[in-house]
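# Reading the structure
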There are 4 protein chains.
Amino acid sequence: MASVWNKGLNISVFGESHGSAVGVVIDNVPSGIEINYRQIENFMSRRAPLNSRIGSTERRETDSFNIISGIFEDKTTGTPICAIIKNRDYRSHDYNEIEFLARPGHADFTGSVRYKFCNDFRGGGHFSGRLTAPITFAGAICQQILHTKGIKSFAHISSIGNINDKKFDLNNTTIKELEKMQSKSISVLDDMIIPKIQDKICDVIKQGDSIGGTIECVVLGTPAGIGSPIFDGVENYISYLAFGIPGVKGIEFGAGFKTSLMTGSENNDEFYVEDGVIKTKTNNHGGILGGISSGMPIVFNLAIKPTPTISKKQKTVNLKTLENTKILSKGRHDACIVVRAVPVVESIANIAILSQLIYQGSF
Amino acid sequence: MASVWNKGLNISVFGESHGSAVGVVIDNVPSGIEINYRQIENFMSRRAPLNSRIGSTERRETDSFNIISGIFEDKTTGTPICAIIKNRDYRSHDYNEIEFLARPGHADFTGSVRYKFCNDFRGGGHFSGRLTAPITFAGAICQQILHTKGIKSFAHISSIGNINDKKFDLNNTTIKELEKMQSKSISVLDDMIIPKIQDKICDVIKQGDSIGGTIECVVLGTPAGIGSPIFDGVENYISYLAFGIPGVKGIEFGAGFKTSLMTGSENNDEFYVEDGVIKTKTNNHGGILGGISSGMPIVFNLAIKPTPTISKKQKTVNLKTLENTKILSKGRHDACIVVRAVPVVESIANIAILSQLIYQGSF
Amino acid sequence: MASVWNKGLNISVFGESHGSAVGVVIDNVPSGIEINYRQIENFMSRRAPLNSRIGSTERRETDSFNIISGIFEDKTTGTPICAIIKNRDYRSHDYNEIEFLARPGHADFTGSVRYKFCNDFRGGGHFSGRLTAPITFAGAICQQILHTKGIKSFAHISSIGNINDKKFDLNNTTIKELEKMQSKSISVLDDMIIPKIQDKICDVIKQGDSIGGTIECVVLGTPAGIGSPIFDGVENYISYLAFGIPGVKGIEFGAGFKTSLMTGSENNDEFYVEDGVIKTKTNNHGGILGGISSGMPIVFNLAIKPTPTISKKQKTVNLKTLENTKILSKGRHDACIVVRAVPVVESIANIAILSQLIYQGSF
Amino acid sequence: MASVWNKGLNISVFGESHGSAVGVVIDNVPSGIEINYRQIENFMSRRAPLNSRIGSTERRETDSFNIISGIFEDKTTGTPICAIIKNRDYRSHDYNEIEFLARPGHADFTGSVRYKFCNDFRGGGHFSGRLTAPITFAGAICQQILHTKGIKSFAHISSIGNINDKKFDLNNTTIKELEKMQSKSISVLDDMIIPKIQDKICDVIKQGDSIGGTIECVVLGTPAGIGSPIFDGVENYISYLAFGIPGVKGIEFGAGFKTSLMTGSENNDEFYVEDGVIKTKTNNHGGILGGISSGMPIVFNLAIKPTPTISKKQKTVNLKTLENTKILSKGRHDACIVVRAVPVVESIANIAILSQLIYQGSF
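What you see is a predicted model; the values in this text were computed from it and never measured.

With that settled, consider the relation of the copies chain A and chain B. Note on the identical chains: chain A maps onto chain B by a rotation of 180° and an axial translation of 0.0 Å, with an RMSD of 0.0 Å. Both copies of the chain, as the preceding transformation shows, are related through a two-fold rotation axis. Interface overlap between copies: 100% of the residues of chain A at the interface are likewise at the interface in chain B, consistent with a symmetric, same-surface contact.

Here the focus is the confidence of the model for chain A. This prediction gives chain A a mean pLDDT of 92; 93% of its residues lie at or above 70. Taken over the whole predicted complex, pTM reads 0.97, whereas the ipTM for its chain interfaces reads 0.96.

Okay, the pattern of salt bridges next. When the charged atoms of two side chains with opposite charge come close together, those side chains can pair. Summed over all chains, the structure comprises 60 salt bridges over all chains. Put simply, Lys312 of chain C and Asp209 of chain C hold a salt bridge, and the shortest N to O gap is 3.4 Å. Taken together, the residues span a long stretch of sequence, with Lys312 of chain C in the loop between strand 16 (298–304) and strand 17 (314–317) and Asp209 of chain C in the loop between helix 5 (194–206) and strand 10 (213–220) at a distance of 103 residues. A salt bridge links Asp108 of chain D to Arg103 of chain D, with the shortest nitrogen-to-oxygen separation between them at 2.8 Å.

Residue and element names in this part refer to chain C. A full pass over the atoms with the stated rule returns 11 cavities of 30 Å³ or more. Around the second largest cavity, the lining comprises 14 residues; the ones closest to its centre are Asp108, Ser112, Asn119, Phe121 and Leu319. Broken down by class, the residue content of the lining of the second largest cavity amounts to six nonpolar, four polar and four charged.

Our next topic: the environment of Leu220 of chain D. Residues and elements named next belong to chain D. Mapped onto the fold, Leu220 is located in strand 10 (residues 213–220). Residue classification places Leu220 among the buried positions, given a relative accessible area of 16%. In sequence terms Leu220 and Ser153 are 67 residues apart; their C-alpha atoms lie 6.2 Å from each other.

Another point: the interface of chain B and chain D. Interfaces are often sized by the amount of accessible area the parts lose when they come together. Taken together, the contacts link 45 residues of chain B with 45 residues of chain D. Of the roughly 3400 Å² buried at the junction of chain B and chain D (both faces included), carbon and sulfur atoms supply 59%. There are zero salt bridges connecting chain B and chain D. At the surface where chain B touches chain D, the tally comes to eight residue pairs in polar contact (both at pLDDT 80 or more). Every element with two or more residues in the side of chain B that touches chain D is listed here: strand 1 (4–7), strand 2 (9–15), strand 3 (21–27), strand 4 (65–69), strand 6 (75–76) and strand 7 (81–86) of chain B.

Further remarks concern the sheet that holds strand 3 of chain B. All names here are of chain B. Across the sheet, five strands lie side by side as 1-2-3-7-4; this open sheet has antiparallel pairing. Both outer strands of the open sheet, strand 1 and strand 4, are each paired with one neighbouring strand and no more. Strand after strand, the sheet turns through a mean of 15° between neighbouring axes, direction not considered. Of the strand pairs in this sheet, strand 2 and strand 3 are connected by six bridges, and their pairing is antiparallel. Each bridged residue has a counterpart across the sheet, and for Phe14 the counterpart in strand 3 is Gly23.

On to the relation of the copies chain B and chain D. Each copy superposes on the other: chain B lies on chain D with an RMSD of 0.0 Å after a rotation of 180° and an axial shift of 0.0 Å. When you check the interface residues of chain B against chain D, 100% turn up at the interface there too, and the contact is symmetric in its surfaces.

It is worth spelling out the side chain of Ser347 of chain C at this point. Residue and element names in this part refer to chain C. Mapped onto the secondary structure, Ser347 falls in helix 8 (residues 338–359). Residue Ser347 is classed as buried on the basis of its relative accessible area, which comes to 0%. With near-sequence residues (within four places) excluded, Ser347 lies in contact with Phe43, Ile135, Thr136, Gly139 and Ala140.

So, about the interface of chain A and chain B. Taken together, the contact between chain A and chain B spans 99 residues of the former and 99 residues of the latter. Regarding the contact of chain A and chain B, the summed buried area is about 8000 Å², with carbon and sulfur atoms giving 64% of it. Ranking the residues of chain A by area buried against chain B places Phe231, Tyr240 and Lys249 of chain A at the top, with a combined share of 11%. Joining chain A to chain B, the criterion identifies two salt bridges. Two residues, Lys249 of chain B and Glu235 of chain A, come together in a salt bridge whose shortest N-O distance is 3.0 Å. For the interface between chain A and chain B, the tally reads 43 residue pairs in polar contact (both at pLDDT 80 or more). Here the side of chain A that touches chain B is built from residues that sort into 46 nonpolar, 40 polar and 13 charged. As judged from the three bridges shared by strand 11 (residues 248–253) of chain A and strand 11 (residues 248–253) of chain B, these two strands associate in the antiparallel manner. Each residue of the ladder has a partner; that of Glu252 of chain A, found in strand 11 of chain B, is Gly250 of chain B.

What follows concerns the sheet that holds strand 11 (residues 248–253) of chain C. Strand order in the open sheet made by the 10 strands is 9(C)-8(C)-10(C)-16(C)-11(C)-11(D)-16(D)-10(D)-8(D)-9(D), with antiparallel pairing throughout. Bordering the open sheet on either side are strand 9 (163–164) of chain C together with strand 9 (163–164) of chain D, each of which pairs with just one other strand. Two elements, strand 8 (residues 152–160) of chain D and strand 9 of chain D, share two bridges in a ladder whose sense is antiparallel. Within the sheet, the bridge partner assigned to Ile160 of chain D lies in strand 9 of chain D and is Ile163 of chain D. This element, helix 5 (residues 194–206) of chain D, spans strand 8 and strand 9 of chain D of the sheet and lies at about 55° to strand 8 of chain D.

Each value, and the rule that gives it
- Residues numbered from 1 in each chain as written.
- Chains lettered and ligands numbered in written order.
- Predicted model: local features only at pLDDT ≥ 70, side-chain atom pairs only at ≥ 80, totals over all residues.
- Heavy atoms only, no water.
- Least-squares fit on C-alpha atoms with pLDDT ≥ 70 in both.
- Contact = heavy atoms within 4.5 Å.
- pLDDT = per-residue confidence, 0-100.
- Salt bridge = Lys/Arg side-chain N within 4 Å of Asp/Glu carboxyl O.
- Helix = DSSP H or I, 4+ residues; strand = E, 2+ residues; numbered from the N terminus.
- 1 Å grid on protein atoms, 1.4 Å probe; cavity = no way out; pocket = protein on both sides within 12 Å on 5 of 7 lines; lining within 4 Å.
- Points joined across faces, edges and corners; volume = space filled by probe spheres on them.
- Nonpolar A, V, L, I, M, F, W, Y, C, P; charged D, E, K, R; others polar.
- Buried < 20%, exposed > 50% of the residue type's maximum accessible area, 1.4 Å probe, protein only.
- Buried area = accessible area lost by both parts, 1.4 Å probe.
- Polar contact = N/O pair within 3.5 Å; in protein donor to acceptor, adjacent residues only side chain to side chain.
- Pairing = 2+ DSSP bridges.
- Axes fitted to C-alpha atoms, helices over the stretch in contact; angles between N-to-C directions.

As structure tokens, this is what we get:
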């Protein structure tokens, strides 16, 4: 089931980059939840490349979606939601020899082995970043459902190359700041770094190169007690889904890799009671203990590798002839997918948390 | 399904730390694979605390297993394998008030919310590290099955606190080195750091504290083409399972978080053909592209937090009375679970890869 | 996951009777299988109501499908296949009070409880027989994949009311007869009963009533050894899927309910060897022993209840007001869905067997 | 996953007939449910062969269970429940040539193909009726959980050969009658047929033969609205699980196969309101419409074939040499498993309904 998430929700993603459309079916959604189409559009538009942002592909994807089923009189019916997102300006059959040159860092090679050269390789096919559009649609639906329980997720660019945003701070970051972040063309907490990011991306574009980064995501409002030990915890779900985003190479929760340098007395978050609620003053545990939410913000951080498609000549092989050769990719590509990936990261957080809630019978 | 992995294989883990036993059922194993009991014992003994190692609990767990089903005349039958591992010297009902004091960094609090105070909280119950024993049994079975296909996984302590082992090096680390590592009492590539690690652990023990670390794991021999895009890739499986190990707070594949600092031209692993096989000279991708194995070594690195149970006084709350109070944990505990976690990490790698192979019909 | 089958294959069905379209996503199909569109059309056309057949709804559903993904250059890519089937002449928002009168025998009542009155109730919504169109599409794809292994399924009307077709006979029914059956407008082995069936249906139409029947299905060519004991057998899969067809109220394999009247010596199918192949002379076991195929034809029989929507006045309740009242359904409906259900039954057989084969790694 | 049920609950059954034990792990049970061990014993004892009943194997299986995990202070913990049931007097390695003679009607042949002769064939191994013991344990646990919601299931022998019990009658069968039935050594509604059944079984025993039958099961108290359309309905779950009981060859819900003879006006159960509750006067739909419970009793009927192992000489083949030969089975076996299967049928009903409730978040 290459493209299916089936815990609590069943989310089946389909489509290829240069086919007629991509889309998604979301099954097991609770019935009777009001769905605001404008909000979905706004959410999805954060994934779309914009002229105002620097470093994105020139190909314009407005990503208007068509809901086929599952919503009736603006409410979820409880039966499967299907949405189709057309590939408006997809190329026709104009591929050629270059298609058999494996782009380094891409799934061209591994996909050809997996599917015995029968996969639709044009533009990456089913491996394309284009498939994050239906994931984002699913995330937008889950977002609206979670809002009915007061749960909200916020992601921001934590770093691009060596430019670092402020990190989420339990005691100082306000909800307003987080909400404001979602309407910025470049989602960062610290506006001062926006020009630096733009310069950085301009730079790598000039060099025909690309650049990686990290995205931090915070989920607020999850009640304590969501998740299960061992193989059904919140971390299992989020990480599983996160590696469904092309380019993700690492994930850490709370203090993450820094905990490996700490002693227990440094890392342990002490508990205290405030107004009858158990809390922690620090949040090294990232809101999850033993796979179960603690009621503190769920915090995770993702490493995203630089876009593999670059305009520099690279050594590679011809997959058909098995000859060593070189490749020079032309045409549009994102120099930094990190910018567009922000709502995708929120999406997988939304999917994971809603899956857990449904699974545990909260709907 | 708190404690069930069900992709390719169905692995159902059960038991509590202070119950009579822990165990596991492994379903969908191929039939006719010879199982060597001595090898299982050796593999599992690497998880057990040993006097020769420093920093482990004094409680002696020999972890002898009892196979109830699924193996007949030393071969897998193809029907479910169940193994029981007795808790030899478990405490009887001698728990008391202290049990309602939530240990910081532990699942005492979240577990009590999740299960409405009905979970067996003694010694962590089902949340205990003790549950890695049946996971390791499952990993040992998977290991022997993978060996029939020439696939082997090797984990080592990559760091403890700020003491770093050598990293796996595609061009310089030999299989012999890796195999030798598995018989060391402290699994590192660089023997020179063993005394440093021992000193470090002695140190934190003296201070009644604990220390975290990282574990790197390499899987050799996986053919190219194993895995699927989006939600069924090798990274999804490994990360999902990895967060089933108590204390894991982060995972990265290949160059992982370092890729966020790289440009595409730095990070992309160029392809070349050697003896008709497509390879890469570098391995920043960690053997996985688009969720699918490339035939290069699969490499991942885990962050493991310091053991939360420490002998220092910590602020906490009484879960029943909701009063702020302090806790001073006594009794045995591991000052550094990283040492014992090495075969557990290999186990989840084995489970993930075998699950993928079975899923794709390689058995 | 109301509408998802996820064993071996992941099949996610979506859509409502009076929405814009119905459709299906089929994930985990093997790559490189040639797909003949004409064959799909032919297969699906057997489900469509035809003027030449008697008793079907007048609403014309040509059921032309639109493949969105998963097929490239006429071959399966191995990534998800999505097909959309438009609801050409669906009603707009012209429903009214009558919609809250629960049709006896229908899911109007149970659906309204399940989905808190938020399901799309128009024309049955997601509960409509219309949803068998995407199931049949999936069955058509599976059929073509199974043909590459020499596996073929054939269903026929076993009875309508008290008119009985010949039963499949291990020793006397030929493949030719079975293949011919699939091109008849009314799929029966014994052509002599076709006029009787037509008369019967005309009769119930005149009376504003409907009639039930049974459908027998035979799968030829499944090799011995497919399936698993207890909860993953061929019978579990087929029966699970069969109850996904609206109106199915019973299923039996081989001699089925007749075995309850037999002694062991009567029911047991004795084994013999012919040309090195183990066979049975009789087939009371219906090709399945211990959940696993024996290599003999897989045979099952389904009971299909009469269409609940009839043009006779019936007592019922108003779901909103909870008043006792009466209902008189108008408009198109099938007087006997048995005729159209034949390819749907083949479809679920195809899905079940292909799921088992994929599951066991035969592709 | 041969032996795993994983919808709502994850139930993993393990063990072989002549291994040391059989058992089960039940995951995702709600926490805090009181479990009465005596009730489990009583429930399971109905499956055990008793001297007072006629026709059962002489092998005495007291089926005492040992709960390893998941119950603490007599309540479910919410973490996995594992129970082990020892095979007290299992044979040692005294099997021989006869083991390669495929018993007609048994899985000896299909199992040997499926598992390449590596399955434990002694006494049927994992295919043995012995495996219904852990299923019954799981059913007993589910029963006690369902009782907290007022849901109760009752099965009875509907027929043995041509001896028929009364059928469950919506208007005339009382709960008392049903409850009384469960304490009878032979579970029938009509006590008058008990001697007839005993005579019948004596008869077939004398002839070295066996006899089949049917079992009817009623589930009372399920609220309306449980289940989902298409592939997640109550019928899908019950039928899937029912075919996990060795010997089941057919299942029908409500009027079942009789609906195929009816017109819509005969079969439709008219709705009426009584005390604000929607009901039906007849129950041809067997309590399920569109896969969803209607609040009326859920009723299904199973066909159980005669035990294949008989003491008459039968033609068969040697699985190793592929020679035609004859077999004469000796030793203990049940002449009529129908008698013992009654609580197993209740068990699968309990598992199915509880799975649906958990799935929909009722716990």
